[in-house]
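Now for the letters of each chain:
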Amino acid sequence: MPNSTFCVAVIGAGETGTPLLQQLLSAPFVRVLGVADLDPDAPGMMLARDHGVPTTTDFMDLARMGEDLDVLIDVTGVAKVREALRQHMQDTGNHRTIIMHEVIVQLMLSLSKGELVRLKHGDVEY
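First things first, this report covers the structure right here in the doc. Keep in mind it's a predicted model, so treat the numbers as computed, not measured. (Residues numbered from 1 in each chain as written. Predicted model: local features only at pLDDT ≥ 70, side-chain atom pairs only at ≥ 80, totals over all residues. Heavy atoms only, no water.)

As a further point, take the sheet that holds strand β4 (residues 71–74). In spatial order, the strands read β3-β2-β1-β4-β5; together these five strands make up an open sheet with parallel pairing. Looking at which strands have only one partner, the edges of the open sheet turn out to be β3 (55–56) and β5 (98–100). Here six bridges tie strand β1 (residues 6–11) to strand β2 (residues 30–36), and the two strands are oriented parallel to one another. In the sheet register, Phe6 faces β2, and the bridge partner there is Val30. Set on the sheet, helix α1 (residues 17–26) makes contact with β1, β2 and β4; between it and β2 the angle comes to about 150°. Taken strand by strand, helix α4 (residues 79–92) contacts β1, β4 and β5, and its axis lies near 160° from that of β4. (Pairing = 2+ DSSP bridges. Helix = DSSP H or I, 4+ residues; strand = E, 2+ residues; numbered from the N terminus. Contact = heavy atoms within 4.5 Å. Axes fitted to C-alpha atoms, helices over the stretch in contact; angles between N-to-C directions.)

Our next topic: the packing of aromatic side chains. Counted according to the given criterion, the structure contains one aromatic pair. The interplanar angle of 80° and the centroid separation of 6.5 Å between the aromatic rings of Phe6 and Phe29 together place this pair among those described as edge-to-face. Within this pair, whereas Phe6 is found in strand β1, its partner Phe29 is found in the loop between α1 and β2, the two being separated by 23 residues in sequence. Given the relative accessible area of 33%, Phe6 is considered partly exposed. Its relative accessible area of 45% is what places Phe29 among the partly exposed residues. (Phe/Tyr/Trp six-rings, centres within 6.5 Å; stacked < 30°, edge-to-face > 60°. Buried < 20%, exposed > 50% of the residue type's maximum accessible area, 1.4 Å probe, protein only.)

What follows is about the pattern of salt bridges. In this structure the tally under the stated criterion is five salt bridges. Of the charged contacts in the structure, one is a salt bridge between Asp70 and Arg96, with a shortest N-O distance of 2.5 Å. Taken together, the residues span a long stretch of sequence, with Asp70 in the loop between α3 (60–63) and β4 and Arg96 in the loop between α4 and β5 at a distance of 26 residues. With a relative accessible area of 9%, Asp70 lands in the buried category. Close ionic contact of Glu102 with Arg82 constitutes a salt bridge, the shortest N to O distance being 3.1 Å. Taken as a pair, Glu102 in helix α5 (residues 102–113) and Arg82 in helix α4 lie far apart in primary sequence, 20 residues in all. For the pair Glu102 and Arg82, a shared accessibility class is recorded, and that class is buried. (Salt bridge = Lys/Arg side-chain N within 4 Å of Asp/Glu carboxyl O.)

Structure representation (structure tokens):
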């Protein structure tokens, strides 16, 4: 049965995650359950808090939400983050939550803007 509400969380709240988060927060069919970034003062972290969305500096806090999440969006561009998320899903038997890669985010943002959007990632190591 199709979802009427998508429960999502976002890992990465900087230049890529913030515009995505703005769109997610404005969609009546999306419920943002959490946002993670190493920088508690990242623009997306402040935006999330302004909207009453829980924030964390430990991205695994979001993975531990388990099957309450429909989509876990990773826009960090960090391979170690993706690997840790995949391993956690496998270890916990979570076959429900989808991990959304930043390339899909780039496609979605580009489609909504009508032109190619370049993703920006800093030199942050997780």
